[in-house]
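The primary structure of each chain is shown beneath.
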Amino acid sequence: MATADAGPEFVREYPLTVVAALTLVGYTLVIGTLYVGLPIYPDIGLATVNLLSHAIAVINTVTVALLLWGYKLIKDGDVERHRTAMVAAFGLIVVFLVLYLLKTGGGGRKDFLGPQTAYYAYLVMLGIHIVLSALSVPLVLYNIVVGLTHSTEKIRETAHARVGRIAVAVWSLSLSLGVVAYVLLNHVYDYEFVPAVVSLV
């Protein structure tokens, strides 16, 4: 992803340590928001939650397109455009994370109210989406960190290409399932809005 070594030397020398730290921060924010009720978000209503849900679906769809385009570009040997596509995809996913945390931490969640068969299918799909999302975090972070801090020549000495193939597959499937879940929840079936409970402890 990079054409010359860049960034702090520590990041270049110890990418796994940096990835582990960033992954921990990400997991802590998400788990703290979903299950602890971090009191750091503004209170938002259902209308804003719906607006954020629509924006997140668009962001995830564009991110999948960028990931697949970026994968094609590197297969074609276009390193610079590959780098641009993947950095753009990562930038969008950071925006997604901010919007998602705001939506769930300041607003709440929507519980699926479709028929029983659709409900179980939705739960399975959502479960796979969540597991793949969690797995993709360190993979994506590793490739971004290595890609932005190593030259093209040095990248070939790392696991960047191998991890990248896995990351694109896992991340794309996770995001795609998230979009399908959004469509089912917001446009096909009904939902019940459950406001966030904020813990002041």
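The structure presented is a predicted model; accordingly, all values stated were derived computationally and were not measured.

How each quantity is defined
- Residues numbered from 1 in each chain as written.
- Predicted model: local features only at pLDDT ≥ 70, side-chain atom pairs only at ≥ 80, totals over all residues.
- Heavy atoms only, no water.
- Salt bridge = Lys/Arg side-chain N within 4 Å of Asp/Glu carboxyl O.
- Buried < 20%, exposed > 50% of the residue type's maximum accessible area, 1.4 Å probe, protein only.
- Core = buried A, V, L, I, M, F, W, Y, C linked by side-chain atoms within 4.5 Å.
- Helix = DSSP H or I, 4+ residues; strand = E, 2+ residues; numbered from the N terminus.
- Contact = heavy atoms within 4.5 Å.
- Axes fitted to C-alpha atoms, helices over the stretch in contact; angles between N-to-C directions.
- Left-handed = near helix turned anticlockwise from the far one by under 90°.
- Parallel < 35°, antiparallel > 145°, perpendicular 65-115°, else oblique.
- Nonpolar A, V, L, I, M, F, W, Y, C, P; charged D, E, K, R; others polar.
- Patch = residues over 30% accessible without salt bridge, like charges linked within 9 Å, V, L, I, M, F, W, Y side chains within 5 Å.
- Areas by Shrake-Rupley, 256 points an atom, 1.4 Å probe, with all protein chains shown as cover.
- Phe/Tyr/Trp six-rings, centres within 6.5 Å; stacked < 30°, edge-to-face > 60°.
- Lys NZ or Arg CZ within 6 Å of the ring centre and 35° of its normal.
- 1 Å grid on protein atoms, 1.4 Å probe; cavity = no way out; pocket = protein on both sides within 12 Å on 5 of 7 lines; lining within 4 Å.
- Points joined across faces, edges and corners; volume = space filled by probe spheres on them.
- pLDDT = per-residue confidence, 0-100.

### A word on the pattern of salt bridges
Here is step 1 of the chain: Taken as a whole and judged by the stated rule, the model has 3 salt bridges.
Here is step 2 of the chain: D76 is the partner of K72 in a salt bridge, and the nearest nitrogen-oxygen pair spans 2.7 Å.
Here is step 3 of the chain: Using a relative accessible area of 53% as the deciding quantity, one classes D76 as exposed.
Here is step 4 of the chain: Residue R81 is joined to D78 by a salt bridge in which the shortest nitrogen-to-oxygen separation is 3.4 Å.
Here is step 5 of the chain: Given a relative accessible area of 45%, R81 falls into the partly exposed group.

### Some details on the nonpolar core
Here is step 1 of the chain: Membership of the largest hydrophobic core comes to 19 residues, with the highest contact counts inside it found for L67, W171 and L175.
Here is step 2 of the chain: Elements represented by at least two residues in this core include exactly α3 (46–75), α4 (79–107), α5 (116–149) and α7 (160–188).
Here is step 3 of the chain: Of all the elements, α3 adds the most residues to this core, at 7 residues.
Here is step 4 of the chain: Not counting chain neighbours up to four residues away, the residues in contact with W171 comprise T63, L67, A89, F90, I93, S136 and V140.
Here is step 5 of the chain: Core analysis: the second largest hydrophobic core is formed by 10 residues, V11, V18, L141 and V163 among them.

### Focus on the packing of α5 against α7
Here is step 1 of the chain: Packing of α5 against α7 leaves a shortest axis separation of 7 Å and a crossing angle of 145°. For the element pair α5 and α7, the recorded crossing hand is left-handed.

### Considering the packing of α4 against α7
Here is step 1 of the chain: Packing of α4 against α7 leaves a shortest axis separation of 13 Å and a crossing angle of 45°. For the element pair α4 / α7, the angle class is oblique. Pair α4 / α7 crosses with left-handed handedness. Note on element contacts: α7 touches α4 through H160, V168, W171 and L175, opposite H82, M86, A89, F90 and I93.
Here is step 2 of the chain: Residue composition of the contact of α4 with α7, grouped by class: 7 nonpolar, 2 polar and no charged.

### Quick word on a nonpolar patch on the surface
Here is step 1 of the chain: Residues Y27, I31, L34, Y35 and V36 make up a contiguous nonpolar surface patch of about 510 Å² in total accessible area.
Here is step 2 of the chain: With respect to the helices, strands and loops of the structure, Y35 is situated in helix α2 (residues 15–36).
Here is step 3 of the chain: Classification of Y35 as exposed rests on a relative accessible area of 67%.

### Comments concerning the packing of aromatic side chains
For any two aromatic rings, the description comes down to two numbers: the centre-to-centre distance and the angle of the planes.
Here is step 1 of the chain: In this structure the tally under the stated criterion is 6 aromatic pairs.
Here is step 2 of the chain: With 5.7 Å between their ring centres and 25° between their planes, F96 and Y100 make a pair best called stacked. Of this pair, F96 and Y100 both sit in helix α4, separated by 4 residues, roughly a single helical turn.
Here is step 3 of the chain: Taking relative accessible area as the criterion, F96 reaches 18% and is therefore assigned buried.
Here is step 4 of the chain: With a centroid separation of 4.4 Å and 15° between ring planes, the pair formed by F112 and Y122 is classed as stacked. Within this pair, whereas F112 is found in strand β1 (residues 108–112), its partner Y122 is found in helix α5, the two being separated by 10 residues in sequence.
Here is step 5 of the chain: F112 gets classed as buried once you look at its relative accessible area, which sits at 8%.
Here is step 6 of the chain: The aromatic ring of Y191 is capped on one face by K110, whose charged end is 4.5 Å from the ring centroid.

### Looking at the layout of surface pockets
Remark: the empty space left among the atoms is shown by a probe the size of a water molecule rolled over them.
Here is step 1 of the chain: In this model, the second largest pocket occupies a volume close to 510 Å³.
Here is step 2 of the chain: I74, H82, N143, H160 and A161 are the residues nearest the centre of the second largest pocket, which is lined by 25 residues in total.
Here is step 3 of the chain: Every element with two or more residues in the lining of the second largest pocket is listed here: α3, α4, α5, α6 (152–155) and α7.

### Overview of the confidence of the model for the protein chain
Here is step 1 of the chain: Of the residues in the protein chain, 95% have a pLDDT of 70 or more, and the chain-wide mean is 93.
Here is step 2 of the chain: Averaged pLDDT values over the elements of the protein chain bottom out at 86 in helix α1 (residues 9–13) and peak at 97 in α3.

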